[in-house]
Amino acid sequence: QVQLVESGGGLVQPGDSLRLSCVVSGFTLDYYAIGWFRQAPGKEREGVSCISASGGSKQYGDAVKGRFTIFRDSAKNTVYLQMNSLEPGDTGIYYCAAARLRADFCTYVADTVYDYWGQGTQVTVSS
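Structural notes, computed from the coordinates.

What follows is about the environment of Gly35. Inspection of the secondary structure puts Gly35 in strand β4 (residues 33–39). Through-space distance from the C-alpha of Gly35 to that of Trp117 is 9.4 Å; in sequence the pair is 82 residues apart. When residues no more than four places from it in sequence are discounted, the contact partners of Gly35 are Ser49, Cys50, Tyr95, Cys96, Ala97 and Tyr114.

Pasting the structure below:
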């Protein structure tokens, strides 16, 4: 019933930008925190960003601060990740995930609190 679908990935050069989308169904964003995570082959899953159910709290991992922005359009049941100044280290499969948390709380570190995950979208940054 609860589904998340990512899109927007692709192959880009360093310095380029991408906007990822996470379309959710089966629940309202007003009650769920959304996190973005990424994983490269042979590496552990890494937290990227999150937004609280209220929209009032946003967090970013150190590797992406100043370059990535998370925002949402509740009317479209969609959360976006705007990625600017992309680097080769940003390469990986990007997943969005949902969790029922306090209205003003989210985490990009404790991925175990997220119960629902999308299928992922591939981002490759290479020259």
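Next, the rest of the story.
So, about the pairing of strand β9 (residues 92–99). Counted residue by residue, β9 has seven buried out of eight residues, so it is predominantly covered. Note: β4 against β9, seven bridges, orientation antiparallel. Looking at β9, one finds that Ala33 is bridged to Ala99. Judged from the three bridges that link them, β9 and strand β11 (residues 121–125) form a sheet pairing that is antiparallel. Paired with Ile93 across the strands is Gln122, a residue of β11. Both β9 and strand β10 (residues 116–117) contribute to a ladder of two bridges, which runs antiparallel. The partner of Ala98 across the bridge, within β10, is Tyr116.

Criteria and thresholds
Going along each chain's sequence as written, the residues are numbered from 1 onward. Only residues with pLDDT of at least 70 get local features here, since the model is predicted, and only at 80 or more are side-chain atom pairs given and counted; chain-wide, interface and lining totals rely on the full set of residues. For the side-chain quantities, the full set of heavy atoms in the structure was used; hydrogens and water were omitted. Secondary structure elements follow DSSP: runs of H or I of four or more residues count as helices, runs of E of two or more count as strands, with numbering from the N terminus. When checking whether two residues touch, look at their non-hydrogen atoms; a contact exists if any pair is within 4.5 Å. Partly exposed describes any residue whose relative accessible area lies between the buried limit of under 20% and the exposed limit of over 50%, with all areas from a 1.4 Å probe on protein chains only and scaled to the type maximum. Strands were regarded as paired on the criterion that DSSP finds at least two bridges between them.

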